[in-house]
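# Coordinates in review
Chain residues, written in single-letter form:
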Amino acid sequence: MNRKGVAVLGSTGSIGTTALRVLGRQRERFRVAALTANKNDALLRQQAAEFAPSFVGMADLGNRGDDSWRRGTECLIEAATRDDVDIVVNAIVGAAGLDATLAGLESGKRVALANKETLVIAGDLVNEACARGSGELVPVDSEHSAILQCIAGHPRSQVRRVVLTASGGPFRGWSRERLAAATVKDALAHPTWSMGRKVTIDSATLANKALEVIEAHFLFGLPYDAISVVVHPQSVVHSFVEFIDGSVVAQLSVPSMELPVLYALTHPDRVEDTGAPAFDPVALSPLTYEPVNHELFPALGLGIAAGRAGGSAPAVFNAANEVAVAAFLGERISFPEIPRAISSALAKLSGLPGKTREELLGADASARRHVSETFKC
Ligand SMILES: NC(=O)c1ccc[n+]([C@@H]2O[C@H](COP(=O)([O-])OP(=O)(O)OC[C@H]3O[C@@H](n4cnc5c(N)ncnc54)[C@H](OP(=O)(O)O)[C@@H]3O)[C@@H](O)[C@H]2O)c1
């Protein structure tokens, strides 16, 4: 079998290591051609020894690493555009993943996208890069993978709406008073998923679901009115798709990112794999649903409003959130200050121009500055 070459960008993170577990089981189909990380040279060295990629890169210049490794942020683009790479798994966290997605798509690769921030900052540019370079974008996020699997070849005109599920995070059911005193440890204790720190905090504020609504808008060409969110604490149903005849199709699995990662590599095919935990509907029952509490978790509404506003607003939302989350993780602001920081940045900056990459990155930089200065973090 002709093996496909895979670049894993952000290979040392939660999704990156999950992708390498999947690729380790699928060596007959895939060859790891490139690996990149930011700072974690010890883990990258281990991964390079195990998978023997032809390219290894570290985005951060201040690491030790190996003499043969490439250094600096350009290494992400190099990894994403190499001739021996067919599929780029973008598992970088935050805005740092944007240029690699664009470059991979422009050079005709399949980009298996975990880095949802890419689509939030520059969804139109990503879709244009896809069309120009004949690249292909396939989601890794479990909700979007579920939608892709449910739609299964039906034209967009037959989809009435989609419903993304949200676990509700660790603070589901908390009071406003308790939330005001929430600690980093509380926020990192996610009830159903084990993930990187930034996305775990995003799940606690529900900013993650806002990023996913915007992601769904760009991935599936759906208007915002056709995308809704329901809290589903068990995280077993990953999304619902309602068709125009009223039929609703859902995709289910025990929560594990191995399945959506594998599907992003093999779509539209399915291959034999042993990664997904056994599915037992009785053991997983009951499956429950409840509405989002927008008063306690305003980040979701703020993000959807930013998506609807378009232009630079989603980039401002994302950048303000990134700075506020880092400040919360560093214990410089409180949990409720995260949505306050986002709201303040959107009120001040969402009218900035936001068509080109430069304008969007300018809005991103202004939002970062605004939050750091206003919240002294
Ligand atoms: N984790 C999940 O289950 C999950 C599920 C769905 C979607 N996602 C999305 O997937 C993406 C990755 O999430 P994660 O949880 O895997 O994050 P993570 O565990 O924090 O890993 C992030 C990866 O990106 C690298 N990185 C960080 N900053 C970088 C920079 N400036 N330049 C280049 N590389 C950089 C890190 O390298 P070092 O280790 O060297 O710092 C690491 O390899 C996020 O967009 C997240 O929203 C995650």
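One can find the structure itself at the top, above this paragraph.
Throughout what follows, the structure given in this document is the object of discussion. Fair warning: this is a prediction, and the values are worked out from it, not measured in the lab.

What counts as what
- Residues numbered from 1 in each chain as written.
- Predicted model: local features only at pLDDT ≥ 70, side-chain atom pairs only at ≥ 80, totals over all residues.
- Heavy atoms only, no water.
- Near = heavy atom within 4 Å.
- Polar contact = N/O pair within 3.5 Å; in protein donor to acceptor, adjacent residues only side chain to side chain.
- Areas by Shrake-Rupley, 256 points an atom, 1.4 Å probe, with all protein chains shown as cover.
- Salt bridge = Lys/Arg side-chain N within 4 Å of Asp/Glu carboxyl O.
- Buried < 20%, exposed > 50% of the residue type's maximum accessible area, 1.4 Å probe, protein only.
- Helix = DSSP H or I, 4+ residues; strand = E, 2+ residues; numbered from the N terminus.
- Pairing = 2+ DSSP bridges.
- Axes fitted to C-alpha atoms, helices over the stretch in contact; angles between N-to-C directions.
- Contact = heavy atoms within 4.5 Å.
- Phe/Tyr/Trp six-rings, centres within 6.5 Å; stacked < 30°, edge-to-face > 60°.
- Lys NZ or Arg CZ within 6 Å of the ring centre and 35° of its normal.
- 1 Å grid on protein atoms, 1.4 Å probe; cavity = no way out; pocket = protein on both sides within 12 Å on 5 of 7 lines; lining within 4 Å.
- Points joined across faces, edges and corners; volume = space filled by probe spheres on them.
- Nonpolar A, V, L, I, M, F, W, Y, C, P; charged D, E, K, R; others polar.
- Right-handed = clockwise from strand over helix to strand, strands pointing away.

A word on the site of the ligand. Around the ligand sit 25 residues, and of these Thr 12, Ile 15, Lys 39, Asn 40 and Glu 117 come closest. Asn 38 has a polar backbone atom sitting 2.9 Å from an oxygen atom of the ligand. A distance of 2.7 Å separates an oxygen atom of the ligand from a polar side-chain atom of Glu 117. Bound to the protein, the ligand loses 85% of the 900 Å² it would expose on its own.

This brings us to the pattern of salt bridges. Tallied over the entire structure, the rule returns 24 salt bridges. The closest approach of N and O atoms between Asp 84 and Arg 82, which form a salt bridge, is 3.0 Å. The class for Asp 84 is partly exposed, based on a relative accessible area of 22%. Using a relative accessible area of 24% as the deciding quantity, one classes Arg 82 as partly exposed. Here Glu 242 ties to Arg 161 by a salt bridge, and the two come within 2.9 Å at their closest N and O atoms. A residue pair is termed long-range when its members are at least 10 positions apart, and Glu 242 in strand S10 (residues 237–243) and Arg 161 in strand S8 (residues 159–166) qualify at 81 residues. Take Arg 161: its relative accessible area is 32%, and that puts it in the partly exposed class.

Strand order in the open sheet made by the four strands is S9-S8-S10-S11, with mixed pairing throughout. With one partner strand each, in any of the chains shown, strand S9 (227–231) and strand S11 (248–252) form the two edges of the open sheet. The mean angle between the axes of side-by-side strands here comes to 20°, regardless of whether they run parallel or antiparallel. Pairing geometry for S10 and S11, over five bridges, is antiparallel. Directly across from Val 237, in S11, lies its bridge partner Leu 252.

Attention shifts here to the sheet that holds strand S2 (residues 30–37). A sheet is described by the order of its strands in space; here seven strands give the open sequence S4-S3-S2-S1-S5-S6-S7, paired in parallel fashion. Edge positions in the sheet fall to strand S4 (70–71) and strand S7 (136–139), since each of these pairs with one other strand and no more. Summarising the sheet, strand S6 (residues 110–113) and S7 pair through four bridges and their orientation is parallel. Within the sheet, the bridge partner assigned to Leu 113 lies in S7 and is Pro 139. The strands touched by helix H3 (residues 74–81) are strand S1 (4–9), S2, strand S3 (55–58), S4 and strand S5 (87–90); relative to S3, the strand with the most contacts, the crossing angle is about 155°. Relative to S6, helix H11 (residues 258–266) is tilted by about 170°, and along the sheet it contacts S1, S2, S5, S6 and S7.

This part is about the environment of Val 8. Following the sequence through the fold, Val 8 ends up in strand S1. For the pair formed by Val 8 and Gly 94, sequence separation is 86 residues and the distance between their alpha carbons is 16 Å. Leaving out residues up to four positions away in the same chain, Val 8 has contacts with Gly 16, Ala 19, Leu 20, Leu 23, Ala 34, Leu 35, Thr 36 and Val 89.

For the rest of this paragraph, the subject is the packing of aromatic side chains. Counting across every chain of the model gives four aromatic pairs. On the numbers, 4.5 Å between centres and 55° between planes, the contact of Phe 171 with Trp 174 is tilted. As far as the burial class goes, Phe 171 and Trp 174 line up, both buried. Aromatic rings pair up to connect Phe 171, Trp 174, Phe 328 and Phe 335 into one cluster. A cation over an aromatic ring shows up here: Arg 178 above the ring of Trp 174, its NZ or CZ 3.7 Å from the ring centre.

Right, let's get into empty space enclosed by the protein. Applying the stated rule across the entire model yields one cavity of 30 Å³ or more. Taken together, Ser 142, Ser 145, Gln 149, His 238, Gln 251, Ser 253, Leu 259 and Pro 260 form the lining of the largest cavity. Secondary structure elements with two or more residues in the lining of the largest cavity: helix H6 (142–151) and H11. Looking at side-chain class alone, the lining of the largest cavity contains two nonpolar, six polar and no charged residues.

In this section: the pairing of S2. When you tally the buried positions in S2, you get seven out of eight residues, the bulk of the element. Bridge count between S1 and S2: six bridges; the pairing is parallel. Bridge pairing in S2 links Gly 5 to Arg 31. Regarding the hand of the β-α-β motif, the stretch spanning S1, helix H1 (residues 14–25) and S2 is right-handed. At this point the chain moves from S2, through helix H2 (residues 41–51), to the parallel S3, and the crossover so formed is right-handed.

What follows concerns the environment of Gly 275. Note that Gly 275 resides in the loop between H11 and helix H12 (281–284). Residue Gly 275 is classed as buried on the basis of its relative accessible area, which comes to 19%. Look past the residues within four positions of Gly 275 in its chain and what remains in contact with it is Arg 25 and Glu 258.

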